[in-house]
Amino acid sequence: MAHLQPQTVIAEDSDLAPGGPPTAPNSMTVLLVSGSANQGLQQPLPSVSQGDHFLETHTLNDALNLWRWGKADWVLLDLAQPEGHGLAFLAAIAATGTQRPLPVTVLVQPGQERDALEAMKLGAADYLYSAEFTPKTLLTSLELHRQARTKATQQATVALPNGCRYYKNLVKNSPDIIERFDLQMRHLYVSPALSKLTGIDSSAFLGKTCRELGMGEAMINAWEAAVAALLAEGEKQAIEFSTPTLLGLRHFEMVLAPEWSDLGQVESILCISRDISDRKTAETTRLQSEALRHELGLLEQILDTVLAGYWDFDFERGTAHYSPGFKAMFGYADDELPNQIDTWQQISFAEDIPIAQASFDRHVKSRGAVPHYAEIRYRHKDGSTVWVICAGRVLTWDQAGQPMRMVGCHVDISQLKQAEAELQTHQTRLQTAQRIGNLGSWEFDLQTQGITWSDQIYRIFGRDPASGPPSLEALTQQFHPDDRDLHQHTIEQAITAGKPYDQEFRILHADGGLRYIQTKGERIVDSDGQPTHLMGTVQDTSERVRLDAERKQAETQLQNLSLRLGLALESANIGTWERDMSSDEVIWDQCLVDLYGFGDLDHSATYPEWRALVYADDIQRVEAGQQALLDHDTPYDIDFRIWRGDGTLGWIRSSALVRRDAQGQPLSFIGINYDITDRKLAEQQILHTTAQLKASNRELEAFAYSVSHDLRAPLRAIDGFSRALVEDYGDQFDAEGRDYFDRIRHNVGRMGQLIDDLLRLSRLSRSTMLYTPVDLSALVQGQINELHTAEPDRVVTVVIIPGVTVSADPTLMQVALTNLVENAWKFTAHHTAATLEFGVMLKGSEPVYYLRDDGAGFDMAYANQLFGVFQRLHNTDEFTGTGIGLATVQRAIHRHGGRVWAEAAVEQGATFYFTLPPGPLSLESRP
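Residues numbered from 1 in each chain as written. Predicted model: local features only at pLDDT ≥ 70, side-chain atom pairs only at ≥ 80, totals over all residues. Heavy atoms only, no water.

*Asks:* What am I meant to see in helix H19 (residues 619-632) here?
*Replies:* Structural remark: α-helix, 3.6 residues per turn; residues separated by three or four positions point the same way. For H19, built from 14 residues, the straight-helix expectation of 20 Å at 1.5 Å per residue is met to within 8% by its first-to-last C-alpha distance of 20 Å. Inspection of H19 places Ile619, Val622, Gly625, Gln626, Leu629 and Leu630 among the buried residues, and these make up the whole buried set. Down the axis of H19, the buried set is contained in an arc of 135°. They therefore lie on one face. Seen from the buried face of H19, the exposed residues on the opposite side, beyond 90 degrees, are Gln620 and His632. (Helix = DSSP H or I, 4+ residues; strand = E, 2+ residues; numbered from the N terminus. Expected span 1.5 Å × (residues − 1). Buried < 20%, exposed > 50% of the residue type's maximum accessible area, 1.4 Å probe, protein only. Arc of directions from axis to C-beta.)

Shown next as structure tokens:
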């Protein structure tokens, strides 16, 4: 604290004789109790009035002795003493019977607010922060104390004759409210100051109590309690109260003093009330400023985390603030870039500065109506380029419309810019691929009849892109006359019946030549199911047609080479077969007889017998390939699984051609088969492992990003400060205030639960999978039993198909089914009776597992949000939860390579489906 030059210094070993320095009648002696010899008040303090004295000591023992010997009228106590000693000094002088409040002002350091509060409870008159303390503040306190002493002296004059001119003049002109009461608390006298504040004539108060005058209940209760204490103890009392006046609601400090008779009995009560509204307002403002400084600190941390970097320009003072995150974005520490308005220009690209300046000028010219938004480049400390979005807004303007203060943020969009560049590269590559593959895309607007072509279609039809696409009529004329009706019919069927098409046509090229095109198209409909567009592709197949002709010639040559190839096939363990299309007879060579296990048959194997050996899930794909080969000469080269002669499952690679007669009619299939089981086992194991690694990497990246923002620290701060406020000041809050704190802490708890759920979701993604037989029915039943135990009064009918067993990771399936069952249990809670059903059904050849309930359901329009993290289709007031449960279910199912989806209707229940593919490939025994 600032140093006072004391008039008298008492050393630690001084003799403390009774009595004190002679003082003028209105002079004061102030005792300065500082923390140590080098922590005194550093500024000289002039006397308030002639004859003031200042004593200083550094030990509490000397200070207490000085006080007890009556050496001081006021104490300035520095709480920067050894812990607790300053408060002990207050307690000691309070025990001497000194009036309240004690004539003591305490000085505190930041962080000692609780000590200051304890000092006030022990009776200290006021406290000040050491950093804010000046000699002027001490002068003000001393003057107030001096005035209080003067008033105490004046109280004695009340008993003097009413003609005392000086006393009447003081009372009449005092800004304080002076009142006298009898022992029944009725007004005997009120000063003019009360009439000025209330607008009520003084005579209206005489003979009436405060309660009879209808004053505020809180004020009356405090006043009556103080009177009771004064009459019981015979000592002055002090209260604070608020009351409405002509100047609005004002705050007062009232001192109640007893007036004694000659016989030493209290015969009336003198009250002096001082307006302390300004002091209260200042204190409130100070507390709000401290809270604001704290909140701004937290806000800076949040803004830096969310926005990566923000800035604050004060054009009026010519100052700026760049957040640490702003500087770190460009590789600089907080102290490496100056907080100056033009700092951003020093590290940005010179050619981009006019862009930012133009955006700022538009913002100012429009008085903030046009946002300040610009994409500019900065130079990173390491020399690299950083693209940012610079956005800001002027907060205050002067009378001339010029900005005074502006805030904004910078967001790093370097990755976005890189993605845009890559997208442009991909578009270029797509156009190049279409040109190389001679493949173009098109779109036909059914309403406008307008056609949109990609560049490659212009090349296919030989048209100039500058002339634009043709009309539908002109396009029809470019088709071969024999194909125009077919083309028109194909288009009409696609529009009216929604039938996709994949058709080959002949066209007349602009150069007069004949071309072959393969065109594909399908109908696009709007939300009402009405067709709006046709979209598709066109590929020039002229070369393929030519090659097909050459291939047919090659097939003939192949027949001539078959004998020579036989030896090569045998040496490579490749079997050959031929299927006669007229008799459906199949001819197998010995290699295939051994491979399929036909040796036990007493006849040549037929096609149905071969078909029975093909794995059920693959037969449809194999026969579709054969049909495509038969209908369109689509190359047939396919992998499929078979049950071999020894009962194990193996993989086959099959290729075939169609032998046709001169009219193009099919005569037979000719093909080869060879065993690729070992290769498939290796490939699928690699694919399975790769898929798991990719999924885990994506999930770990998302999780690392979430937890990198250290969500828990601000939550703990909010919860701790909320708890401290309720504990220390809870009696000062009304019901609404306490409700606000309850909501804060409830939401902090909910956020903590969200973080825990995210951590569990992350651990779920990284756990090692172990495939074993898992009884899903038993898992569902076990979870139902637990829920029944927790809520025995719930009426729920449960139907579970027994023995539903899969090969899966038991831990992941436990997590998935627990969440699904708890979800169904929760969303049926509002129904008096509910039904839950678990089972399995076949969709095609694939088993689909389901859990069905008849609860609240949901709108299918929002089904795509169902499995997202934090996605909820119901309010938390209706159903509790964090929005992570179904995301956990999806994660567990996806890790098995399965699918999960749901179907529902509002208040008609929901059904959740999922699939689980077979576990890692193994050579299973045939069932």
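*Asks:* Help me understand the nonpolar core, please; the structure alone is not making it clear to me.
*Replies:* The tendency in soluble globular proteins is for nonpolar side chains to be buried side by side. Membership of the largest hydrophobic core comes to 39 residues, with the highest contact counts inside it found for Leu776, Met813 and Phe914. For this core, the leading source of residues is helix H24 (residues 810-827), giving eight residues. Filtering out sequence-adjacent residues up to four positions away, Met813 remains in contact with Val774, Leu776, Leu779, Ala808, Ile893, His896, Phe914 and Leu916. (Core = buried A, V, L, I, M, F, W, Y, C linked by side-chain atoms within 4.5 Å. Contact = heavy atoms within 4.5 Å.)

*Asks:* Hey, could you run me through unusual backbone geometry in this one?
*Replies:* Backbone phi values are negative for most residues with the exception of glycine, while trans is the configuration of most peptide bonds. With a phi angle near 55°, Arg367 is a residue other than glycine that sits in the positive phi range. One can find Arg367 in the loop between helix H11 (353-365) and strand S14 (372-379). Unusually for a residue other than glycine, Asp584 sits at a positive phi of about 65°. Positionally, Asp584 belongs in the loop between strand S22 (575-580) and strand S23 (586-588). Judged by its relative accessible area of 29%, Asp584 is partly exposed.

*Asks:* Can you walk me through the sheet that holds strand S17 (residues 439-445) in this structure?
*Replies:* Reading across from one edge, S18-S17-S21-S20-S19 is the order of the five strands in this open sheet, with antiparallel pairing throughout. The outermost strands of the open sheet, each flanked by one partner alone, are strand S18 (451-453) and strand S19 (501-508). Direction aside, the axes of adjacent strands within the sheet are offset by 25° on average. Taken together, the seven bridges between S17 and strand S21 (residues 531-540) define a ladder with antiparallel strand orientation. Within S21, the residue paired with Ser441 across the bridge is Thr537. Relative to the sheet, helix H15 (residues 484-496) contacts S19, strand S20 (514-525) and S21, its axis offset from that of S19 by approximately 145°. (Pairing = 2+ DSSP bridges. Axes fitted to C-alpha atoms, helices over the stretch in contact; angles between N-to-C directions.)

*Asks:* Would you mind going over the pattern of salt bridges with me for this structure?
*Replies:* Once their charged atoms are close, side chains differing in charge can pair, the charge on each being opposite to the other. Per the counting criterion, the structure on display carries 38 salt bridges. A salt bridge links Asp675 to Arg644, with the nearest nitrogen and oxygen atoms 2.9 Å apart. With a gap of 31 residues between them, Asp675 in strand S26 (residues 666-675) and Arg644 in the loop between strand S24 (636-643) and strand S25 (649-660) connect regions that are remote in the sequence. (Salt bridge = Lys/Arg side-chain N within 4 Å of Asp/Glu carboxyl O.)

*Asks:* Even after reading the chapter, I still don't get the side chain of Thr541, so can you show me in this structure?
*Replies:* Looking at the secondary structure, you find Thr541 in the loop between S21 and helix H16 (542-571). Overall, the relative accessible area of 2% leaves Thr541 in the buried class. Once residues within four sequence positions are removed from consideration, Thr541 is found in contact with Glu504, Tyr516, Ile517 and Gln518.

*Asks:* Teacher, can you tell me more about the packing of H24 against helix H25 (residues 885-895) here?
*Replies:* Two numbers describe a pair of packed helices, the interaxial angle and the distance between the axes. Relative orientation of the contacting elements H24 and H25 amounts to 145°, with a least axis distance of 9 Å. Of the two elements, H24 crosses H25, and the hand of that crossing is left-handed. Note on element contacts: H25 touches H24 through Gly885, Leu886, Thr888, Val889, Ala892, Ile893 and Arg895, opposite Leu812, Met813, Val815, Ala816, Asn819, Leu820 and Asn823. Classifying every residue of the contact of H24 with H25 gives nine nonpolar, four polar and one charged. (Left-handed = near helix turned anticlockwise from the far one by under 90°. Nonpolar A, V, L, I, M, F, W, Y, C, P; charged D, E, K, R; others polar.)

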